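Residue-level listing of the chains:
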Amino acid sequence: MTKIAIITDSTAYIPDDLLKKYPIWVAPQVLIFGDKSFEDGVDIQPEEFYNRLQTESVNPSTSQVTPASFNRIFSELVPQEYEILCVLVSDKLSGTIDSATQAREGFPNAKIEIVNSNSITMALGFQALAAARAAAEGADLAECKAVAERSRDLTGVVFAVATLEFLHRGGRIGGGARFLGTALNLKPILEIRDGRVEALERVRTRKKSLARLIELVEERTEGQSPIRIATLHANAPEEAKLLLEEASKRVGAVEEVFSEVSPVVGTHAGPGVVGLAYMAGM
């Protein structure tokens, strides 16, 4: 039977228990603090990142997964006769797909496919997991790619930010720019749409913004099954746990995943972001 490996990147931040269960490899994004570089989720974890964010005199920046990182993973898998499917962060948010494409050129005889998830966080993670589960059940490379592409249209992510400052500073604000200058008591709710950050609405108070996230997921998954749901948060675990518990109960989720955002995503979203990612119909 053909061996299939799924490669995603660290912006998905799939929890370790799921990574160990399926044939998934993770290519790390790069976090930069001053003159020091860290591999996202490898050299630096969220807790350390937010501690540094409070104490460092310089703001962090990020860089896409390097071609060398993909080359390292390909070099491990290709000699073991794996066929490879890369399911990666939206090309409108990162140049990661360019790095994978560049690295693939060094393996002309290998079977390596690349899928643009058009998303990030566990919306990307659910796509990678769908492909990995298909691979574990014996699907070939073309079938796994088809599963990933089909799941792309079944996933989404909505999130509430404490401030738009970080998205604006990192150049990832997209359509959320129209909420810049929002009154402090109005909390922006954003989504990933067509691979970009886009504005949804503004809600009064943090509590109402979190309740609205659940309503949005309910509206978007109504009448569909199965439903898989995940939280995402940046240094807001208690709110995220309550959000996941309530959302899972309301939509009747068959799978719930408690996930953080990686330090690289946290750099752009900022501390306090909380959201929900979902996949409905697969």
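Residues numbered from 1 in each chain as written. Predicted model: local features only at pLDDT ≥ 70, side-chain atom pairs only at ≥ 80, totals over all residues. Heavy atoms only, no water.

## Observations regarding the sheet that holds strand β1 (residues 3-9)
One open sheet accounts for four strands, arranged β2-β1-β6-β7; its pairing is parallel. Taken across any chain shown, the strands that pair with only one partner, and hence form the sheet edges, are β2 (24-27) and β7 (112-116). Neighbour to neighbour, the strand axes of the sheet diverge by 25° on average, direction disregarded. (Pairing = 2+ DSSP bridges. Helix = DSSP H or I, 4+ residues; strand = E, 2+ residues; numbered from the N terminus. Axes fitted to C-alpha atoms, helices over the stretch in contact; angles between N-to-C directions.)

## Quick word on the environment of Q54
Assignment of secondary structure puts Q54 in helix α2 (residues 46-55). Residue classification places Q54 among the exposed positions, given a relative accessible area of 68%. For the pair Q54 and S151, spaced 97 residues apart in sequence, the C-alpha separation works out to 38 Å. (Buried < 20%, exposed > 50% of the residue type's maximum accessible area, 1.4 Å probe, protein only.)

## A word on the packing of aromatic side chains
Aromatic ring pairs are defined here through the distance separating the ring centres and the angle between the ring planes. Inspection of every chain in the model, using the stated rule, returns five aromatic pairs. Relative to F107, the ring of F74 lies with its centre 5.6 Å away and its plane at 85°, an arrangement referred to as edge-to-face. Of this pair, F74 sits in helix α3 (residues 67-77) while F107 sits in the loop between α4 (96-104) and β7, and the two are 33 residues apart along the sequence. Given a relative accessible area of 0%, F74 falls into the buried group. Taken together, the ring pairs in this structure connect F33, F49 and Y50 into an aromatic cluster. Above the ring of Y82, the side-chain terminus of K3 is found at 4.6 Å from the ring centroid. (Phe/Tyr/Trp six-rings, centres within 6.5 Å; stacked < 30°, edge-to-face > 60°. Lys NZ or Arg CZ within 6 Å of the ring centre and 35° of its normal.)

## Considering the packing of α3 against α4
Where α3 meets α4, the closest approach of the two axes is 8 Å, and the angle between their N-to-C directions is 50°. It follows from the interaxial angle that α3 and α4 lie oblique. For α3 against α4, the interelement crossing comes out right-handed. Counted together, P67, F70, N71 and F74 of α3 and T96, S99, A100, Q102, A103 and R104 of α4 form the full contact between these two elements. Across the contact of α3 with α4, the residue classes break down as five nonpolar, four polar and one charged. (Parallel < 35°, antiparallel > 145°, perpendicular 65-115°, else oblique. Left-handed = near helix turned anticlockwise from the far one by under 90°. Contact = heavy atoms within 4.5 Å. Nonpolar A, V, L, I, M, F, W, Y, C, P; charged D, E, K, R; others polar.)

## Things to note about the nonpolar core
In terms of nonpolar packing, the biggest core is built from 55 residues, with I6, I14, I24, L85, M122, L129 and F159 touching the most fellow members. The leading source of residues in this core is helix α5 (residues 121-136), at 11 residues. Look past the residues within four positions of L129 in its chain and what remains in contact with it is I14, L18, Y22, I24 and M122. (Core = buried A, V, L, I, M, F, W, Y, C linked by side-chain atoms within 4.5 Å.)

## Remarks on the state of the cysteines
Within this structure, the stated rule accounts for zero disulfides. C86 takes part in no disulfide bond, and the closest cysteine sulfur, belonging to C144, lies 13 Å away. Assessed through its relative accessible area of 0%, C86 is described here as buried. (Disulfide = S-S within 2.5 Å.)

## Here we look at the pattern of salt bridges
Evaluation of the coordinates by the stated rule reveals 16 salt bridges. Note that E239 is salt-bridged to R206, the shortest N-O span being 2.7 Å. Of this pair, E239 sits in helix α9 (residues 237-251) while R206 sits in helix α8 (residues 206-221), and the two are 33 residues apart along the sequence. Between E215 and R212 there is a salt bridge, with the nearest N and O atoms lying 3.1 Å from each other. In this pair, E215 and R212 are both assigned in helix α8, three residues apart and thus about one turn of the helix distant. Taken together, the shared-partner salt bridges in this structure form one network comprising E201, R212, E215 and E219. (Salt bridge = Lys/Arg side-chain N within 4 Å of Asp/Glu carboxyl O.)

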